[in-house]
Amino acid sequence: MKLPVAYSVWLVVLASCLFASPAACDQRPSEVEKDADVIIIGAGLSGLSAAVEMGRRGLNVLVIDMNSVAGGHAMLAGGVSMVATPLQERLGIDDSAELAYRDWMDWTEDGDTGWTRYYATNSREMIYDWVTEMGVEFVRIVPGHGNSVPRFHFTKGRAVHLVLPIFRTALRLPNVSFRWNSRAQKLLLEGNRVIGVVVRDLRGGDVRSLFADNVVLATGGFEADVERVLENWIADLPRPDRLLIGAAISATGSGHDLATDAGAGLVRIDRHYIYINGFIDPHDPQQNHALTAANDQSLWVNASGRRFTNETGFDKDILVDLLQQEGSTYWMIFDEAARDGFGMRGAAWLKSPSPTHPILDNPQAVKRAMSWRELADMTGLPAEALIRSVTEFNAMIDAGEDTLFARFSRGDNVPSKVQHEPFYALQMFPVTRKNMGGVAIDAQARVLDKSGQVLPGLYAVGELNGSLGVNGKHGLDGMFLGPAILSGRLAGQSIAAAFTAVAHEPEILPTAQPNSAAAWQPSMPSDALEALLAVPRDGFWHFQVAHRLVVDRQYACSRCHSEQRPFASLSDRSALYSQTRICTNCH
Ligand SMILES: Cc1cc2nc3c(=O)[nH]c(=O)nc-3n(C[C@H](O)[C@H](O)[C@H](O)COP(=O)(O)OP(=O)(O)OC[C@H]3O[C@@H](n4cnc5c(N)ncnc54)[C@H](O)[C@@H]3O)c2cc1C
């Protein structure tokens, strides 16, 4: 990779750029050489896919991420939807691109027709074949709404096993390098051509400009910024009174701002996949972040104590009903017999070893009472209405017919009566999750300006481009990870087509072996770690989240660290390669 030769000159320019007009930043000193052929901003699934695509074709690729680790939201995700795959064939699932296209267009109502057809036709080759060749193993397929046959593919664990083989492939390419804890602040332009990016090192505070022939934005969505979601709220639905956050800290839309500041247009920006089953994470001091929960034996009542929807219906229909309720909230009600049916997701600490249930036995989160009146007192629900709703529900169960919301009928899918104390109540809210619109792109993932013209040198991939618009008005399971890979690859192919680079051989990188607990002890006393966790520090977000979990679960340091790889510095690729071994400790 070529290195910049005139940073001192550039630092002077940069200083003027930071304190003077924004136009000053757009001037590139002629003697500065490029830092890479391509800069990718974001090391999530889409950025990694673009990096592998171009790295394999011999381009010098620099990937920048504000986090200290790779993977983005995919590290929290589940499965990916694909069509006519070898696993479907093995399981006897008869599928075709035409069937998938029709299913998806029906469900989404106005999914992008071109991208939906492209995805249905090419997901096997562009996603399934590509990732399995890197070592991803799909082992099961789950049915999902909007699909007449099962298409939602899972690895033997969750999507962490999809991301890590792609990341490891990128690490083995000597022409792909990474810069962590670095936040992209501004794109650099020459005319309307994007030529680089201004980056701030979150740990050291250093600000510098990096230059490349192309910049790929892979920064994800903005679902962690509730204000922004509400400003761009779904056109034909009422705004919720309260909306919890269901996306990671990075999802603030910084890539949208970078792109629009450079002239990009936005499409479908009011499209969001809003989940209906969030409750407040009791570990969140701000009480804004959600965990999600389900219990298919529960009944749901609004603030007036009345049922308001078919609790087992489709989320898209429930959302419409929920947004009409006072406070856009409801209480999930169930009894002791249904306690085991309560399932949660959203935080790794939920799995911490403890004799008590992290939510059901936490009075801050769940109200529990020995009578309906006591439960009404604790929740503020009107007692008479609550009792009437439960009595009606139980009577309909006896009759085998939900005459209010058609949740069950003629004796089918009838839940158990809600009658065994103690009774439980958990207050629920809608939750942000995924953007389904974003930066406008063409068929090669090149960014388009407001008049539909290509902005030279700039690409937008993954959730940033609204996952290709394939989710239309109503999200589909697994149709976010797939578009992240697909659009990352397409951008990579488009950029590589303009280069005549020679591909490098992938390197075999050594992986450090874990030590036994007895063989290696950390040099840091445990109170020093506690001190490092006490105050949030810029650039240490993942460090702090991971180590809080370590303290909580009382893991030995040697579970993740070793004498060879203390991970003090993750600047070299083989240290990073070793580190991927430990991601599944938490994910
Ligand atoms: C809890 C959860 C579960 C999900 N489950 C599924 C599922 O089962 N199936 C499915 O298909 N989809 C799922 N999704 C959605 C899916 O995970 C995402 O749409 C997809 O992973 C997005 O990938 P991405 O690369 O576009 O963006 P991200 O994963 O958001 O990655 C963006 C990266 O860019 C970095 N970044 C952001 N801004 C900057 C900046 N200014 N400078 C430098 N770096 C920056 C971030 O740190 C991050 O690493 C889920 C999402 C969530 C939140």
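Residues numbered from 1 in each chain as written. Predicted model: local features only at pLDDT ≥ 70, side-chain atom pairs only at ≥ 80, totals over all residues. Heavy atoms only, no water.

Explanation requested: the overall build of the protein in the structure shown.
Along its length, the protein carries 15 helices and 20 strands. Here the C-alpha atoms of the protein give a radius of gyration of 25 Å, agreeing with the 25 Å that 2.2 N^0.38 yields for 587 residues. When its C-alpha atoms are laid out on the principal axes, the protein stretches across 80 × 60 × 55 Å. Relative to its full complement of 587 residues, the protein shows a buried share of 56%. As presented, the protein carries roughly 24700 Å² of accessible surface, and 51% of it is formed by carbon and sulfur atoms. (Helix = DSSP H or I, 4+ residues; strand = E, 2+ residues; numbered from the N terminus. Rg over C-alpha atoms; globule rule 2.2 N^0.38 Å. Buried < 20%, exposed > 50% of the residue type's maximum accessible area, 1.4 Å probe, protein only. Areas by Shrake-Rupley, 256 points an atom, 1.4 Å probe, with all protein chains shown as cover.)

When you look at the pattern of salt bridges in this model, what are you seeing that I'm missing?
Side-chain pairs of opposite charge can arise whenever the charged atoms involved come near each other. Evaluation of the coordinates by the stated rule reveals 27 salt bridges. We note a salt bridge from arginine 228 to aspartate 257, for which the minimum N-O separation is 2.8 Å. Of this pair, arginine 228 sits in helix H7 (residues 226-231) while aspartate 257 sits in helix H8 (residues 254-261), and the two are 29 residues apart along the sequence. Assessed through its relative accessible area of 33%, aspartate 257 is described here as partly exposed. Residues arginine 407 and glutamate 311 are paired through a salt bridge, measuring 3.0 Å at the closest nitrogen-oxygen approach. (Salt bridge = Lys/Arg side-chain N within 4 Å of Asp/Glu carboxyl O.)

Is there a simple way to explain the pairing of strand S2 (residues 61-64) in this structure?
A two-sided burial pattern is seen for S2, the buried positions comprising Val61 and Val63 on one face and Leu62 and Ile64 on the other. Here 4 bridges tie strand S1 (residues 36-41) to S2, and the two strands are oriented parallel to one another. Considered in S2, the bridge of isoleucine 41 is made with isoleucine 64. With helix H2 (residues 45-56) bridging S1 and the parallel S2, this β-α-β connection has right-handed handedness. The pairing of S2 with strand S6 (residues 176-179) spans 4 bridges and is classified as parallel. Considered in S6, the bridge of isoleucine 64 is made with arginine 179. (Pairing = 2+ DSSP bridges. Right-handed = clockwise from strand over helix to strand, strands pointing away.)

What's the story with a positive patch on the surface in this structure? I'm lost.
Residues Arg140, Arg158, Arg345 and Lys351 make up a contiguous surface patch of positive charge. Here arginine 140 shows up in strand S4 (residues 138-142). (Patch = residues over 30% accessible without salt bridge, like charges linked within 9 Å, V, L, I, M, F, W, Y side chains within 5 Å. Lys, Arg positive; Asp, Glu negative; His and termini not counted. Charge placed at Lys NZ, Arg CZ, Asp CG, Glu CD.)

What am I meant to see in the nonpolar core here?
Core analysis: the largest hydrophobic core is formed by 99 residues, its most contacted members being Ile40, Leu162, Phe178 and Leu187. Ranked by size, the runner-up nonpolar core spans 39 residues in total, among them Val229, Ile245, Leu350 and Ala365. (Core = buried A, V, L, I, M, F, W, Y, C linked by side-chain atoms within 4.5 Å.)

Looking at this structure, how should I read the state of the cysteines?
Should the sulfur atoms of two cysteines be covalently bonded, the bond is a disulfide. Inspection of every chain in the model, using the stated rule, returns 0 disulfides. Between cysteine 560, a free cysteine, and cysteine 586, which holds the nearest cysteine sulfur, the sulfur-to-sulfur gap is 6.4 Å. (Disulfide = S-S within 2.5 Å.)

Looking at this structure, how should I read the site of the ligand?
What surrounds the ligand is a group of 33 residues, the closest being Ser46, Asp65, His73, Glu463 and Leu481. A distance of 2.8 Å separates an oxygen atom of the ligand from a polar backbone atom of glycine 78. When the ligand sits alone it has 1000 Å² of accessible area, and the protein chains cover 97% of it. Counting only elements with at least two residues in the shell around the ligand, the list comes to H2, strand S7 (182-190) and strand S17 (423-435). (Near = heavy atom within 4 Å. Polar contact = N/O pair within 3.5 Å; in protein donor to acceptor, adjacent residues only side chain to side chain.)

It is not clear to me how the domain arrangement of the protein should be interpreted in this structure. Could you clarify?
Interfaces are often sized by the amount of accessible area the parts lose when they come together. By domain assignment, the protein separates into domain 1 (274-428) and domain 2 (526-585). Placing a centre on the C-alpha atoms of domain 1 and another on those of domain 2 gives a separation of 37 Å. (Domains from an automatic or database assignment.)

Can you walk me through helix H5 (residues 113-133) in this structure?
An α-helical turn contains 3.6 residues, so a residue and the one three or four places further along point in the same direction. Along its 21 residues, H5 runs 29 Å from first to last C-alpha, staying within 8% of the 30 Å computed at 1.5 Å per residue. At asparagine 122, H5 shows its strongest bend, of approximately 70 degrees. Restricting attention to buried positions, one finds in H5 the residues Trp115, Thr116, Tyr119, Ala120, Asn122, Ser123, Met126, Ile127, Tyr128, Trp130 and Val131. You can read the cap of H5 off the contacts: a side-chain oxygen lies 3.1 Å from the backbone nitrogen of glycine 114, and it is on aspartate 112. A positive backbone phi angle near 110 degrees is found at glycine 135, which sits one or two residues after H5. (Expected span 1.5 Å × (residues − 1). Bend = angle between axes of the 7 residues up to and from the residue.)

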